[in-house]
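# Per-entry structural report
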Amino acid sequence: CCQHGQGMGDWDDSDLGASCYPSSKPEPSDFCDEKSSCAGECNGTWVIGFCAFNATGGSDDPCAIELNAKGTGYDYTGSPSRAVGNASCAMSESACGGCNGTFCQYFKSPIY
């Protein structure tokens, strides 16, 4: 869940999963860490994952992400090619598999 408290949940609506501010994510098992409450009372957007198509040279994990230098979101470090957001290949694990990709889940809790 990327909560949009005070309109500041993320900085790039085209890639909400990576641009959700770490402070905009609820803690695991929190009330807002549930799809229906995220979109409802928590004023958030439920984000599941992305579809990675290949790993960067030297990386064994096409799903690797890390906190960006500004601490405002995450950088993809595992795959230079991916489908995110509402792209058809990013909609589910089966959709990603149909695109010959690896389905990756975003971290539910913040990486600090």
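Refer to the structure presented above.
An account of the accompanying structure is given in this report. (Residues numbered from 1 in each chain as written. Predicted model: local features only at pLDDT ≥ 70, side-chain atom pairs only at ≥ 80, totals over all residues. Heavy atoms only, no water.)

### Topic: the side chain of Ser79
Structurally, the position occupied by Ser79 is in the loop between strand E5 (74–76) and strand E6 (81–83). The exposure class assigned to Ser79 is buried, which follows from its relative accessible area of 3%. Here the side chain of Ser79 touches Ser81 through a polar contact of 2.6 Å, landing on its backbone oxygen. (Helix = DSSP H or I, 4+ residues; strand = E, 2+ residues; numbered from the N terminus. Buried < 20%, exposed > 50% of the residue type's maximum accessible area, 1.4 Å probe, protein only. Polar contact = N/O pair within 3.5 Å; in protein donor to acceptor, adjacent residues only side chain to side chain.)

### Some remarks on the sheet that holds strand E3 (residues 49–54)
Ordered by their spatial adjacency, 3 strands build an open sheet running E6-E3-E7, and the pairing between neighbours is antiparallel. Two strands bound the open sheet, and with one partner strand each, they are E6 and strand E7 (102–105). When strand polarity is set aside, the average angle formed by the axes of neighbouring strands in this sheet is 35°. (Pairing = 2+ DSSP bridges. Axes fitted to C-alpha atoms, helices over the stretch in contact; angles between N-to-C directions.)

### Section: the packing of aromatic side chains
Scanning the model with the defined rule gives 2 aromatic pairs in all. When the ring of Phe50 is compared with that of Tyr106, the centres are 5.0 Å apart and the planes differ by 45°; the resulting orientation is tilted. Of the two residues, Phe50 sits in strand E3 while Tyr106 sits in the segment after E7, which places them 56 residues apart along the sequence. For the pair formed by Phe50 and Tyr106, the shared burial category is buried. Three or more aromatic residues joined by ring pairs form one cluster here, namely Phe50, Tyr76 and Tyr106. (Phe/Tyr/Trp six-rings, centres within 6.5 Å; stacked < 30°, edge-to-face > 60°.)

### Describing the nonpolar core
Judged by nonpolar contacts, Ala18, Phe50, Ala52, Ile65, Tyr74, Tyr76, Val84, Cys104 and Tyr106 together constitute the single largest core of 9 residues. Every element with two or more residues in this core is listed here: E3 and E5. Residues within four places of Ile65 in sequence aside, it is in contact with Phe50, Tyr74, Asp75, Tyr76, Thr77, Tyr106 and Phe107. (Core = buried A, V, L, I, M, F, W, Y, C linked by side-chain atoms within 4.5 Å. Contact = heavy atoms within 4.5 Å.)

### Quick word on the state of the cysteines
Going through the model one piece at a time under the given rule, you end up with 6 disulfides. Here Cys32 is linked by a disulfide to Cys42, with a sulfur-sulfur distance of 1.9 Å. Sign of the S-S torsion, about -85° for the bond between Cys32 and Cys42, identifies this disulfide as left-handed. Pair noted here: Cys32 is in the loop between helix H1 (16–19) and helix H2 (35–39) and Cys42 is in the loop between H2 and strand E2 (44–45), with a separation of 10 residues, a long-range link. The buried category is assigned to Cys32, whose relative accessible area is 9%. Under the relative-accessibility criterion, Cys42 is labelled buried at 8%. For Cys63, the disulfide goes to Cys104, at an S-S distance of 2.0 Å. In this structure the cystine formed by Cys63 and Cys104 twists about its S-S bond by roughly -70°; its chirality is therefore left-handed. Note that Cys63 is positioned in the loop between E3 and strand E4 (65–67) and Cys104 in strand E7, a separation of 41 residues in sequence. (Disulfide = S-S within 2.5 Å.)

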